[in-house]
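Each chain is listed here by its residues.
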Amino acid sequence: MEYQNTELGLNGPWRLFTPADGLPGYKFHDVAQDLEGYLWFAGHETGVVRYDGNEFHLFGAADGLRGSSALALQVDRSGRVWVATDLAVFCYDGTQFREIASIGGIQIIFVDRDERIWLGGYGQFGFLDAGQYRDLSGEYSRKFGLALVEDRDQCWGIAQDGTGTVWLGFEYLVGFDGERVIRADLPPAHSYYAVGADREGHVYAACGNVWKGDIKGFEIIPGGKALRRAQSDREGRMWFNGTPLLCYTGAAWKSPAAPEFSFSQITGICQDREGFIWCSSYEHGIACYDPHHIQLVNIEKKTWSATASSLVEDGQGDIWLATGKILRYNGGEMGALGAEQGLSIGNCVVLCTGAGGDIFVGGLGGVWRYDGEKFQALAADFSPQLV
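Residues numbered from 1 in each chain as written. Predicted model: local features only at pLDDT ≥ 70, side-chain atom pairs only at ≥ 80, totals over all residues. Heavy atoms only, no water.

Draft legend 1. The arrangement of the sheet that holds strand S8 (residues 81–85) in detail. Strand order in the open sheet formed by 4 strands is S7-S8-S9-S10, with antiparallel pairing between adjacent strands. Taken across any chain shown, the strands that pair with only one partner, and hence form the sheet edges, are strand S7 (70–75) and strand S10 (97–101). Averaged over all pairs of adjacent strands, the angle between strand axes in this sheet comes to 25 degrees, irrespective of strand direction. In terms of strand pairing, strand S9 (residues 89–92) meets S10 through 4 bridges, oriented antiparallel. When the sheet's bridge partners are listed, tyrosine 92 is paired in S10 with phenylalanine 97. (Pairing = 2+ DSSP bridges. Helix = DSSP H or I, 4+ residues; strand = E, 2+ residues; numbered from the N terminus. Axes fitted to C-alpha atoms, helices over the stretch in contact; angles between N-to-C directions.)

Draft legend 2. Broad picture of the nonpolar core. Ranked by internal contacts, the top residues of the largest apolar core, which has 17 residues, are Trp118, Phe125, Ile158 and Leu168. Breaking this core down by element, the ones donating at least two residues are strand S11 (106–111), strand S13 (124–129), strand S16 (166–169) and strand S17 (173–176). Filtering out sequence-adjacent residues up to four positions away, isoleucine 158 remains in contact with Ile108, Phe110, Trp118, Leu119, Gly120, Val166, Trp167, Leu168 and Val195. (Core = buried A, V, L, I, M, F, W, Y, C linked by side-chain atoms within 4.5 Å. Buried < 20%, exposed > 50% of the residue type's maximum accessible area, 1.4 Å probe, protein only. Contact = heavy atoms within 4.5 Å.)

Draft legend 3. Summary view of helix H1 (residues 137–144). Within H1, burial applies to Ser137, Glu139 and Tyr140. Buried residues along H1 cover an arc of 165 degrees about the axis, so they all sit on one side. Residues of H1 that are buried make contact with S13, strand S14 (132–135), S17 and strand S18 (181–183). A positive phi of about 65 degrees marks glycine 145, the residue just after H1. (Arc of directions from axis to C-beta.)

Draft legend 4. Up close: the pattern of salt bridges. In total, this model carries 11 salt bridges according to the counting rule given. The shortest N-O distance in the salt bridge between arginine 237 and glutamate 235 comes to 3.6 Å. One network of salt bridges, in which partners are shared, links Asp233, Glu235 and Arg237. (Salt bridge = Lys/Arg side-chain N within 4 Å of Asp/Glu carboxyl O.)

Draft legend 5. Here's a closer look at the layout of surface pockets. What the largest pocket holds in volume is close to 1,200 Å³. In this structure, the largest pocket is lined by 39 residues; those nearest its centre are Gln74, Val75, Phe110, Gln231 and Ser232. Mapped onto the lining of the largest pocket, the elements with two or more residues apiece are strand S3 (28–33), S7, S11, strand S15 (158–160), strand S19 (194–197), strand S23 (230–232) and strand S27 (266–271). Of the residues contributing to the lining of the largest pocket, the split by class is 17 nonpolar, 9 polar and 13 charged. (1 Å grid on protein atoms, 1.4 Å probe; cavity = no way out; pocket = protein on both sides within 12 Å on 5 of 7 lines; lining within 4 Å. Points joined across faces, edges and corners; volume = space filled by probe spheres on them. Nonpolar A, V, L, I, M, F, W, Y, C, P; charged D, E, K, R; others polar.)

Pasting the structure below:
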């Protein structure tokens, strides 16, 4: 039996890229994809690396860059690649990097909906607007009486919520609503907040716990934990660099298996145009994960038929199959449900999901509904047809 897990494949293949594949080193700070499909990586003490799907190309001083390490990458809506090194901020025009601002120590570059280029880093934050840099660090210090210190304070993420407010992750979650610097009513992080936003404009702030919200307020998401980065994908999921790599589907936390290696320091996350998830690491090089692979699931128990007459996916991303019996696959294990869950039915042949996420089962003996814990009988006389 084969199926396509459109929610999230938990056992998809990883590919690890190291110097043996042409990388200049193992340590990278960020990853982004440009409009032509090239992947860009910010290398620690190795410059900027571009990957065309076959080979890695290294950019350095001869291409207009200054600085020993590239710390951050971003691509704007015009396709320009922005790079921050330990010495300055640059923009790639297709042939050369042009220095835009002599500002060092920028860890995060973000492009807001007004095409302003936001910069956040060691003890500083602000934005470039029409080529002019507005430093907001002093305004923050004056308003909250807490100066950002270069060798202590770091920025671990920038995102914009649905109201247009831009949020930055320092020890506190700092915002700018277009007129003034504000601060979210969240406790100080034990390190720094990782920040990202989903497609609906909700901002996620993560450090030990994960909060979701906007300028109107934030609420905690149970079960969340994250460290360095938060990034959304096109399917609306949020990815976090926990230990291990974590994905929040909107209903549950998932963790793709990575048996060949483990990332203790994922520094950047990017989904490419084909849906692959790319991770830059400060220890292991670059890794690519396929979350939409076709997975072969073997039904090994002889008491289970390998012929499925019906298949549905529930709100948690689990796959349900009607094979005469009711089987549920959670991405790692296949299990049968029956009398222990209150089901008394013979030869189940049809499944469907309700608007509230309940699973409905039809077979010889009636129609049953599963509410997440138990089955309840709805009709005793039923001859199901596949529809």
